[in-house]
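Architecture at a glance
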Protein chains: 2
Amino acid sequence: MSNDKILVFGHKNPDTDTICSALIYADLKSKLGGNVEAVRLGEINEETAFALNYFNAEKPRLVNTVSDEVAEVALVDHNEFQQSVDDIENVKIIEVVDHHRIANFQTKEPLHFRVEPVGCTTTILRKMYQENNVEITKQFAGLMVSAIISDSLLFKSPTCTEEDVQAAKSLAEIAEINLDEYGLEMLKAGTKLENRSAEEIISIDSKEFPMGDKLVEVAQVNTVDVAEVLARKDELAAAMNRTIEEKGLEVFVLAITDILEGDSTILTYGAGAAKVGEAFDVAITEDTALLKGVVSRKKQIIPALTKAIG
Amino acid sequence: MSNDKILVFGHKNPDTDTICSALIYADLKSKLGGNVEAVRLGEINEETAFALNYFNAEKPRLVNTVSDEVAEVALVDHNEFQQSVDDIENVKIIEVVDHHRIANFQTKEPLHFRVEPVGCTTTILRKMYQENNVEITKQFAGLMVSAIISDSLLFKSPTCTEEDVQAAKSLAEIAEINLDEYGLEMLKAGTKLENRSAEEIISIDSKEFPMGDKLVEVAQVNTVDVAEVLARKDELAAAMNRTIEEKGLEVFVLAITDILEGDSTILTYGAGAAKVGEAFDVAITEDTALLKGVVSRKKQIIPALTKAIG
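As annotated in an unreviewed UniProt entry, chain A carries the name Probable manganese-dependent inorganic pyrophosphatase and is attributed to Alkalihalophilus marmarensis DSM 21297. What UniProt states about chain A under its Subcellular location (unreviewed entry) heading is, verbatim, "Cytoplasm". Entered under Sequence similarities (unreviewed entry) in the UniProt record, the comment concerning chain A runs "Belongs to the PPase class C family."

Listed below in structure tokens is the structure:
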């Protein structure tokens, strides 16, 4: 085991922020003299592939476990252990940079832990380059701005702060892109669902959340054609109910997010599905409901569900 | 309820770092335009009283609950809920500044959370004044350096980093004190135990730690005369065993720390007391053992106990 090497990674079911943040933080730490490698805990999605390809970046190496190769790790874009690598409790976490709620996280010793309530992890990482006087290259500026566009749905999400917008504008200049044109092209690349199985659709961007003594899973897909996804409802329902059975979920919510309108249509199954209606004060009709103006799992869906279920 | 006011506080059984950090962070946030008040969750000890008196600072207001007067709070010098105010789950935590391990902490939404593995919370707060271009007055420099001296036992503790030492030196200049003279005088003020009951001695600086499914309590007192404390062993044992009974503790450890030698003598009771010997690889004789070079609960005692018991 190489004891001085550090692996950096984001959450399972990686999205663009998680993949780019791992690459970016590994770059920063390497430039500050560390022996650091970015890795990933799952397949990259088509939106992320588009961004990596556009900026000529290699995807991080795929790993299933980390304690067989390193003693220390740094986490980006997540902190909850159930979203992290399976053997997270067998390594020492020396740093966390994140922008999510804190839950199901603990360490034996103090560490560097930096969470800020901004829309994207790379917005924090950009500040860390500045604080350490490390120059941001065109390539890494491109990866940073791609992550901000992804997490903020091109600034439509209520998670998006003024700091994210200003960071994106400044990074877009370094990356030499037109924010709106590149942003919409990148987001659309992530909405190609027609060749995906129902199992894939519900797991592309899915996270589990303990609420009280219950476990809730919330998946999210972006699209420009909600009807196309809803046409596959029976197939999705079957896949979601299998997952509920396997994981003992209280409820499974799939949010189908219209990136042009800025709304989400949800599909929900499980014993607690009635409480999902309560959570958003809507009627669930045939397992589905439209949530006007809801695009953020973190800021809109999870707090409401936690209140109703947790 | 005043919805825009924020209360700032440290942990129960407040020590000098917790009290000074609350006062200091309230000062910084007020100067940045916030409506902020520092409060405390328990009586101040004699060391803290010495420091506050020396620098003409008022002790924060004592509170038992916070949700009856505010909606939002900021935590300093702790994050574990069992060390915080009893109704912590009824308020929104918007900020945490701390230097401890992270455990038993969770929020529904993202927040500002800054933990760094330095020896003292005020070392981080000092940086935050600099980052925000706020001048540190002589009085607040005095409170900051007092907290660093206290948490580091005048730089003897392994928790003390080079950053703490440099911060203390710079702050001592602003505070116009001689570090060694003031430091020893302040530490000695905290060692007057002869007028304290056994119940008081075991609760002056005591914290509970969940380890696995068990609860462990570790109290620490500083002294220049360990024998004087050990002479009251029967009385201390009775008080510790009552606490074990009341709280259902697996083990209760009292660390009697010699601030001149930099060692600790422990007293330990409870079903798990045998594991305390294993944790430090020492023989526990008549419920007591000398731990050479051990002065830090956080860095030396808790990690070893967690490994043996958790």
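So, next bit.
With mixed pairing, the 12 strands of this open sheet are ordered in space as S3(A)-S2(A)-S1(A)-S4(A)-S5(A)-S6(A)-S6(B)-S5(B)-S4(B)-S1(B)-S2(B)-S3(B). Taken across any chain shown, the strands that pair with only one partner, and hence form the sheet edges, are strand S3 (61-62) of chain A together with strand S3 (61-62) of chain B. Strand direction decides the pairing type here: strand S1 (residues 6-9) of chain A and strand S2 (residues 36-40) of chain A, joined by 3 bridges, are parallel. Among the inter-strand pairings, Ile6(A) is bridged to a residue of S2(A), identified as Val36(A). The strands touched by helix H3 (residues 121-131) of chain B are strand S5 (92-98) and strand S6 (112-115) of chain B; relative to S5(B), the strand with the most contacts, the crossing angle is about 105 degrees.

Residues and elements named next belong to chain A. Where helix H3 (residues 121-131) contacts helix H4 (residues 138-152), the axes come no closer than 9 Å and their chain directions differ by 150 degrees. With respect to each other, H3 and H4 are oriented roughly antiparallel. Two secondary-structure elements touch here, H3 through Thr122, Thr123, Arg126 and Tyr129 and H4 through Phe140, Met144, Ala147 and Ile148. Partitioned by chemical class, the residues of the contact of H3 with H4 number 5 nonpolar, 2 polar and 1 charged.

For H4(A), built from 15 residues, the straight-helix expectation of 21 Å at 1.5 Å per residue is met to within 8% by its first-to-last C-alpha distance of 21 Å. Downstream of H4(A) by one or two residues, Leu153(A) has phi in the positive range, about 50 degrees.

Per the UniProt record, "domain: DHHA2" (unreviewed entry) is annotated on residues 183-309 of chain A. In residues 183-309 of chain A, helix accounts for 41% and strand for 28%; the two terminal C-alpha atoms are 35 Å from one another.

Our focus in this paragraph is the packing of aromatic side chains. Summed over all chains, the structure comprises 15 aromatic pairs over all chains. Seen in terms of ring centroids, Phe55(A) and Tyr182(A) are 5.6 Å apart; in terms of plane orientation they differ by 65 degrees. Their pairing is edge-to-face. Here Phe55(A) is found in the loop between helix H2 (46-54) and S3, whereas its partner Tyr182(A) is found in helix H6 (residues 179-189), with 127 residues between them in sequence. We note that Phe55(A), like Tyr182(A), is buried. Look at Phe113(A) and Phe113(B): their rings are 4.9 Å apart centre to centre, the planes differ by 65 degrees, and that puts the pair in the edge-to-face class. Note that Phe113(A) is positioned in strand S6 (residues 112-115) and Phe113(B) in strand S6, a pairing that runs across two chains. We note that Phe113(A), like Phe113(B), is buried. Chaining the aromatic ring pairs together yields one cluster made of Phe81(A), Phe105(A), Phe113(A), Phe81(B), Phe105(B) and Phe113(B).

Right, let's get into the interface of chain A and chain B. Counting from both sides, the interface comprises 23 residues of chain A and, opposite them, 23 residues of chain B. For the pair chain A and chain B, the summed buried surface comes to about 2000 Å²; carbon and sulfur atoms form 65% of the total. The tally of links from chain A across to chain B stands at 0 salt bridges. At the boundary of chain A and chain B, one finds 4 residue pairs in polar contact (both at pLDDT 80 or more). Sheet analysis places S6(A) next to S6(B), joined by 3 bridges and oriented antiparallel. In the sheet register, Arg114(A) faces S6(B), and the bridge partner there is Arg114(B).

Moving on: the pattern of salt bridges. If charged atoms from side chains of opposite charge come close, those side chains can pair. All names here are of chain A. Evaluated as defined, the whole model comprises 42 salt bridges over all chains. The shortest N-O distance in the salt bridge between Arg61 and Glu69 comes to 2.9 Å. When its relative accessible area of 22% is taken as the criterion, Glu69 is described as partly exposed. One salt bridge in this structure joins Glu131 and Arg114, with 3.0 Å as the shortest N-O distance. Remark: Arg114 occurs in strand S6 and Glu131 occurs in helix H3; sequence separation between them is 17 residues.

As a further point, take the packing of helix H1 (residues 16-31) of chain A against H4(A). Residues and elements named next belong to chain A. As a packed pair, H1 and H4 sit with axes 9 Å apart at the nearest point and diverge in direction by 150 degrees. Compared by their axis directions, H1 and H4 come out roughly antiparallel. Here the hand of the crossing between H1 and H4 comes out left-handed. Here Thr16, Asp17, Cys20, Leu23, Ile24 and Asp27 of H1 come into contact with H4, specifically with Phe140, Leu143, Met144, Ser146, Ala147, Ser150 and Asp151. Residues belonging to the contact of H1 with H4 are distributed by class as follows: 7 nonpolar, 3 polar and 3 charged.

Moving on to the sheet that holds strand S11 (residues 288-291) of chain B. All names here are of chain B. The mixed open sheet is built from 5 strands, whose spatial order is S7-S8-S9-S10-S11. Strand pairing shows two members of the sheet lacking a second neighbour, strand S7 (206-211) and S11, which therefore form its edges. Ignoring strand direction, the axes of neighbouring strands in this sheet form an average angle of 25 degrees. Pairing geometry for strand S9 (residues 251-258) and strand S10 (residues 263-269), over 7 bridges, is antiparallel. By the bridge assignment for S10, Leu254 is matched with Leu267. Running at roughly 155 degrees to S10, helix H10 (residues 273-280) makes contact with S9, S10 and S11 of the sheet.

So, about the UniProt feature "binding site: Mn(2+) 2" (unreviewed entry) in chain A. Residue and element names in this part refer to chain A. UniProt tags Asp17, Asp77, His99 and Asp151 as "binding site: Mn(2+) 2" (unreviewed entry). These annotated residues cover 135 residues of sequence, but their C-alpha atoms sit close together, with the largest distance between any two at 10.9 Å. For Asp17, the location among the structural elements is in helix H1. On the basis of relative accessibility, which here comes to 0%, the residue Asp17 falls in the buried class. Excluding anything up to four places from it in sequence, Asp17 contacts Asp77, His99, Cys120, Thr121, Thr122, Ala147 and Asp151. One can find Asp77 in the loop between strand S4 (72-76) and strand S5 (92-98). By relative accessible area, which is 1% here, Asp77 ends up buried.

How each quantity is defined
Residues numbered from 1 in each chain as written. Chains lettered and ligands numbered in written order. Predicted model: local features only at pLDDT ≥ 70, side-chain atom pairs only at ≥ 80, totals over all residues. Heavy atoms only, no water. UniProt positions renumbered as here; feature names shortened; annotations may be inferred. Pairing = 2+ DSSP bridges. Helix = DSSP H or I, 4+ residues; strand = E, 2+ residues; numbered from the N terminus. Contact = heavy atoms within 4.5 Å. Axes fitted to C-alpha atoms, helices over the stretch in contact; angles between N-to-C directions. Parallel < 35°, antiparallel > 145°, perpendicular 65-115°, else oblique. Nonpolar A, V, L, I, M, F, W, Y, C, P; charged D, E, K, R; others polar. Expected span 1.5 Å × (residues − 1). Phe/Tyr/Trp six-rings, centres within 6.5 Å; stacked < 30°, edge-to-face > 60°. Buried < 20%, exposed > 50% of the residue type's maximum accessible area, 1.4 Å probe, protein only. Buried area = accessible area lost by both parts, 1.4 Å probe. Salt bridge = Lys/Arg side-chain N within 4 Å of Asp/Glu carboxyl O. Polar contact = N/O pair within 3.5 Å; in protein donor to acceptor, adjacent residues only side chain to side chain. Left-handed = near helix turned anticlockwise from the far one by under 90°.

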